[in-house]
Amino acid sequence: MASAVREASIGEAPISVDRLLGQVRDPAVGGIALFVGVVRDHDEGQGVRSLDYTAHPSAQAVLAACAERTAAAHDVVALAVEHRVGHLEVGDLAVVVAAGAVHRAEALAACRQLIDDLKVEVPIWKQQLFSTGAAEWVGLPGPDEP
């Protein structure tokens, strides 16, 4: 049986929701769930000007493994995920997850699992540039983590 994962990628180009939506369209799909992560203008009470995402060289493989595990755990027909790296401005799309299934419940559950697992497992870190000029790294591993 072919994998339900149609795409699991990390790149610098802007993300197209329509392209990822097209990746999960299928005659067998009756419900599609989308998660679209957008760079917001604030974090913990501070104004955010922009973000810079950096990925570890293993990030692509970890993202693909998360997508395959999600597809295996849920009755999905198709799954696609893309995360941006590089410099992003407020309003830019940072990550998109699309899940297509016969019914909405499976699509929603798979979409939620994949974005939650991605946030915890995929080694992508962001540096936030605040409106004050200060900067802060988010998600860097601790001294005892790989």
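None of these values were measured; they are calculated from a predicted model.

So, how was this worked out
Residues numbered from 1 in each chain as written. Predicted model: local features only at pLDDT ≥ 70, side-chain atom pairs only at ≥ 80, totals over all residues. Heavy atoms only, no water. Helix = DSSP H or I, 4+ residues; strand = E, 2+ residues; numbered from the N terminus. Rg over C-alpha atoms; globule rule 2.2 N^0.38 Å. Buried < 20%, exposed > 50% of the residue type's maximum accessible area, 1.4 Å probe, protein only. Core = buried A, V, L, I, M, F, W, Y, C linked by side-chain atoms within 4.5 Å. Contact = heavy atoms within 4.5 Å. Disulfide = S-S within 2.5 Å.

A. Highlighting the overall build of the chain. Helices and strands together make up the secondary structure of the chain, namely 3 helices and 9 strands. Reading the secondary structure of the chain in the N-to-C direction produces β-α-β-β-β-α-β-β-β-α-β-β. Radius of gyration (C-alpha) of the chain: 16 Å, near the 15 Å computed for a compact globule of 146 residues. On the principal axes, the C-alpha backbone points of the chain span a range of 50 × 35 × 25 Å. For the chain, the proportion of its 146 residues judged to be buried stands at 41%.

B. Representation of the nonpolar core in the model. Residues V81 and V122 are the most contacted members of the largest nonpolar core, which totals 33 residues. In terms of residue count, the dominant contributor to this core is helix 3 (residues 104-121) (6 residues). Contacts of V81, omitting those with residues within four sequence positions, involve E7, A8, S9, L20, L63, A67, V96, V97, L114 and L118. Residues I15, V24, V96 and A98 belong to the second largest nonpolar core, which totals 7 residues.

C. Structural detail: the state of the cysteines. Within the structure shown, the criterion is met by 0 disulfides. The thiol of C66 is not disulfide-bonded; the next cysteine sulfur, from C111, is found 14 Å away. By relative accessible area, C66 is classed as buried at 0%.

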